[in-house]
Amino acid sequence: MDLDDAARADRFSCYGYPKDTTPRLDRLAGEGAVFLNNLSQGSDTQAFLPEMLSAAGYRTAIMTNHNMIIPESRLAGMFDESVHFTRGRSGLGTILRDAADWIRKNASPDRPFFLYVHAMAPHAPYPARDVDLGIYNALYDGKLRRADGLVGGILDAVDDTAGLKANTLVIVTADHGENLGEHGRRGHGGTSWDTVTRVPLIMALPGAIPSGRRIASLTESVDSDPTILELCGLSLPAGRALDGVSLTGLIRGPAPVPARSPEKEAELRRLMREQGY
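Rules used in this analysis
- Residues numbered from 1 in each chain as written.
- Predicted model: local features only at pLDDT ≥ 70, side-chain atom pairs only at ≥ 80, totals over all residues.
- Heavy atoms only, no water.
- Helix = DSSP H or I, 4+ residues; strand = E, 2+ residues; numbered from the N terminus.
- Buried < 20%, exposed > 50% of the residue type's maximum accessible area, 1.4 Å probe, protein only.
- Contact = heavy atoms within 4.5 Å.
- Areas by Shrake-Rupley, 256 points an atom, 1.4 Å probe, with all protein chains shown as cover.
- Axes fitted to C-alpha atoms, helices over the stretch in contact; angles between N-to-C directions.
- Parallel < 35°, antiparallel > 145°, perpendicular 65-115°, else oblique.
- Pairing = 2+ DSSP bridges.
- Phe/Tyr/Trp six-rings, centres within 6.5 Å; stacked < 30°, edge-to-face > 60°.
- Core = buried A, V, L, I, M, F, W, Y, C linked by side-chain atoms within 4.5 Å.
- Arc of directions from axis to C-beta.
- Salt bridge = Lys/Arg side-chain N within 4 Å of Asp/Glu carboxyl O.

Caption draft 1: Representation of the overall build of the protein within the structure. Counting its regular elements, the protein contains nine helices and 10 strands. For the protein, with 277 residues in total, the buried portion stands at 52%. Put simply, 70% of the contacts in the protein that link residues at least 6 apart link residues at least 24 apart. Of the roughly 12200 Å² of accessible surface on the protein, a fraction of 52% belongs to carbon and sulfur atoms.

So this is what it looks like as structure tokens:
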């Protein structure tokens, strides 16, 4: 799983953005499913929990250049391996290249693995926060394009490792988006506008996810966990529950929108009204 921090869905070219910001991820999107209306649960980073995968025999590892995810953090402790942490956001290229190297050296069709890469791009900082808005937007697009190329190296590692691609679920998403001048704001903290809550979600798994699927149904980032478990053939342990619902029905063909609790439905409808849907 690759999480690109502060990546807006509407800035990905596979989501209709007119600039060629994500050519490598566009290829991935053509090989799998694109969720066109995926909402994050907030403007701050949310952790994915890997313990169930580890308990099921998966080798789990995390790589990040997020300056708040350190080896001693609770999130890092959830993984079997914490690999190449860097302080600050200058290590983006190193993190993503090391992730590709980790796959080439450690991934094997004989043992399942879960690699979580949290990349601080296109997240700020930019050279100057108070620059002209047009320049600010161009800097954002440039950081997204650079991240696309580096993430492409991870995808190439999966493609190049014998027997790996045919049985590997690849997910690209974001924790939140970014205000780029909309609503008079720059950044994402403390806001719930569509510019911040609508994030990309791309999934690809040969043989299980049809190529070229574009799914317009409303989905949430918390739906990723139950979807991963179902695609991996795993069940929740007794007494455990997840907030999201599996999206496999939507992935595989026409299906009703997954059932959610009345409280969750009311919350989603409120958010949609606030965004003008």
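Caption draft 2: The packing of helix 1 (residues 23-31) against helix 5 (residues 133-160), seen in detail. Two elements in contact, helix 1 and helix 5, have axes separated by 7 Å at closest approach and are oriented at 45 degrees. Of the possible angle classes, the one that applies to helix 1 and helix 5 is oblique. Every residue of helix 5 that contacts helix 1 at Pro23, Arg24, Leu25 and Leu28 is listed here: Arg145, Asp148, Val151, Gly152, Leu155, Asp156 and Asp159.

Caption draft 3: The pairing of strand 9 (residues 201-204), seen in detail. Burial along strand 9 is two-sided: the face carrying Leu201 and Met203 and the face carrying Ile202 and Ala204 are both buried. Two elements, strand 6 (residues 170-173) and strand 9, share four bridges in a ladder whose sense is antiparallel. Looking at strand 9, one finds that Thr173 is bridged to Leu201.

Caption draft 4: The packing of aromatic side chains, seen in detail. Tallied over the entire structure, the rule returns four aromatic pairs. A centroid spacing of 6.1 Å and a plane angle of 15 degrees characterise the contact between Phe79 and Phe114, whose relative ring orientation is stacked. Of the two residues, Phe79 is situated in the loop between helix 3 (74-77) and strand 4 (81-85) and Phe114 in strand 5 (residues 113-119); the sequence distance between them amounts to 35 residues. Judged by relative accessible area, Phe79 falls into the buried class, the value being 6%. Take Phe114: its relative accessible area is 7%, and that puts it in the buried class. An angle of 55 degrees between the planes, with centres 5.9 Å apart, marks the rings of Trp102 and Phe113 as tilted. Of this pair, Trp102 sits in helix 4 (residues 92-106) while Phe113 sits in strand 5; the two residues are 11 residues apart in sequence, bridging distant segments of the chain. Through a chain of ring-to-ring contacts, three or more aromatic side chains come together here, namely Phe79, Phe114 and Tyr116.

Caption draft 5: Summary view of the nonpolar core. Ranked by internal contacts, the top residues of the largest apolar core, which has 40 residues, are Phe12, Tyr15, Leu28, Leu96, Ile103, Leu115 and Ile202. For this core, the elements supplying multiple residues, two or more each, are helix 1, strand 2 (33-39), strand 3 (59-64), helix 4, strand 5, helix 5, strand 6 and strand 9. Sorting elements by how many residues they give to this core places helix 5 first, with eight residues. Each residue touching Leu115, except ones within four places of it in the same chain, is listed here: Met1, Ala61, Met63, Ala99, Trp102 and Ile103. Within the second largest apolar cluster, 26 residues are counted, among which are Phe35, Ile62, Ile215 and Leu247.

Caption draft 6: Representation of helix 1. When we look at burial in helix 1, the residues that qualify are Arg24, Leu25, Leu28 and Ala29. Taken around the axis of helix 1, the buried residues stretch over an arc of 145 degrees, which confines them to a single face. Buried-residue contacts for helix 1 involve strand 1 (2-4), strand 2, helix 5, strand 6 and strand 9.

Caption draft 7: The pattern of salt bridges, seen in detail. Considering all chains together, one arrives at 10 salt bridges under this definition. The shortest N-O distance in the salt bridge between Asp159 and Arg24 comes to 3.3 Å. Placement of Asp159 in helix 5 and of Arg24 in helix 1 is noted, with a sequence separation of 135 residues between them. With relative accessibility at 31%, the residue Asp159 sits in the partly exposed group. Put simply, Asp159 and Lys165 hold a salt bridge, and the shortest N to O gap is 3.6 Å. Accessibility expressed as a relative area gives 32% for Lys165, which makes it partly exposed. Taken together, the shared-partner salt bridges connect Arg24, Glu31, Asp156, Asp159 and Lys165 into one network.

Caption draft 8: Representation of the environment of Arg252. Relative to the helices and strands, Arg252 is located in helix 8 (residues 248-252). Along the chain, Arg252 and Ala33 lie 219 residues apart, while their C-alpha atoms are 9.3 Å from each other.

Caption draft 9: Expanded view of the environment of Ala147. Along the polypeptide, Ala147 turns up in helix 5. Residue class for Ala147 comes out buried when judged on its relative accessible area of 1%. Each residue touching Ala147, except ones within four places of it in the same chain, is listed here: Leu96 and Ala121.

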